[in-house]
Structure formats: C-alpha cells, structure tokens
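Single-letter residue listing:
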Amino acid sequence: HGLRVSQSIRDYNHGRDRLPWPLDATTVPGVLKGLTDPSRDERARAARTLGLYGADAKGAVPALADVVRNDPSGTARIAAADALAAIGPDAKAAL
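From a predicted model like this one, the values you see are computed outputs, not experimental measurements.

This paragraph deals with the side chain of Thr 49. Of note, Thr 49 is situated in helix H2 (residues 40-52). Separated by 2.8 Å, the side chain of Thr 49 and the backbone oxygen of Arg 45 make a polar contact.

So this is what it looks like as structure tokens:
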C-alpha cells in the first residue's frame, strides 16, 4: 500500500488516504467513485490519486476527461487535467 495525496498534512487520515496497490480492476471502481462525490475536495483528491498511478490508471481516462469538461469546480478540473497528464499518451485522445 502507498499513500494518497491529502490537501495538507493536517488533512492526512491514515485510514482514508492509503492507496490500494497495485491498481487493478477491483480497486479502480472505488477510486473512480470519488470523482462523483458531492465534495469538491473529494473529487479533486480522487483525481490526484489516479494521477499517482500514472499509466496504470489509463482505464480512468474517460471519467477524468468528463471531470475536466463538466465539473463545476476549477479545483477538481485542474486535478483531473493533472492526472490525465500523469497518465500520459493514453490520455491525450480523451481531450
């Protein structure tokens, strides 16, 4: 297991902020669910988490692209765009 990005060190929660590793078909839905959370901070956190997986998160490209295009929060949109950049060439066609 790895660590997930928190908003700040004060926001870190050991139980919440652990990454399932390696990312696989059983863990992706849980991380993707965060992209639709009512909380802007949770949506941004989920996007940053997917970005940490890099190319291993290529299955999340459509959902991240949807956040970039449609999320009302600039914070979540930027986090999703950063995640797409971290995923790399597999994400380019989505935008």
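Continuing now.
Contact geometry for H2 and helix H4 (residues 74-87): axes closest at 8 Å, N-to-C directions at 5°. The orientation of H2 relative to H4 falls into the category roughly parallel. Seen from H2, the contacting residues are Arg 40, Arg 43, Ala 44, Ala 47, Arg 48 and Gly 51; seen from H4, they are Thr 75, Ala 76, Ala 79, Ala 80, Ala 83 and Ala 86. Of the residues that constitute the contact of H2 with H4, the class distribution is 7 nonpolar, 2 polar and 3 charged.

This part is about H2. Counted at 1.5 Å a residue, the expected span for H2 with its 13 residues is 18 Å, and the 19 Å between its end C-alpha atoms agrees. Inspection of H2 places Arg 43, Ala 44, Arg 45, Ala 46, Ala 47, Thr 49, Leu 50 and Gly 51 among the buried residues, and these make up the whole buried set. For H2, the N-terminal cap is Ser 39; the gap from its side-chain oxygen to the backbone nitrogen of Asp 41 is 3.3 Å. Of the residues trailing H2, Gly 54 is marked for its positive phi of about 60°.

Here we come to the nonpolar core. Generally speaking, nonpolar side chains in soluble globular proteins are found buried as a group. In this structure, Leu 35, Ala 47, Leu 50, Val 61, Leu 64 and Ile 87 are the most contacted members of the largest nonpolar core, which totals 21 residues. Counting residues per element, the ones that place at least two in this core are H2, helix H3 (61-70) and H4. Those residues in contact with Ile 87, other than ones at most four positions away along the chain, are Gly 54, Ala 55, Ala 57, Lys 58, Val 61 and Leu 64.

Here the focus is H3. Those residues of H3 that fall on the buried side of the exposure criterion are Val 61, Leu 64, Ala 65 and Val 67. For H3, the angular spread of the buried residues around the axis is 155°, confining them to a single face. Within H3, the exposed residues directed more than 90 degrees away from the buried face are Pro 62, Arg 69 and Asn 70. Buried-residue contacts for H3 involve H2, H4 and helix H5 (89-92).

How each quantity is defined
Residues numbered from 1 in each chain as written. Predicted model: local features only at pLDDT ≥ 70, side-chain atom pairs only at ≥ 80, totals over all residues. Heavy atoms only, no water. Helix = DSSP H or I, 4+ residues; strand = E, 2+ residues; numbered from the N terminus. Polar contact = N/O pair within 3.5 Å; in protein donor to acceptor, adjacent residues only side chain to side chain. Axes fitted to C-alpha atoms, helices over the stretch in contact; angles between N-to-C directions. Parallel < 35°, antiparallel > 145°, perpendicular 65-115°, else oblique. Contact = heavy atoms within 4.5 Å. Nonpolar A, V, L, I, M, F, W, Y, C, P; charged D, E, K, R; others polar. Expected span 1.5 Å × (residues − 1). Buried < 20%, exposed > 50% of the residue type's maximum accessible area, 1.4 Å probe, protein only. Core = buried A, V, L, I, M, F, W, Y, C linked by side-chain atoms within 4.5 Å. Arc of directions from axis to C-beta.

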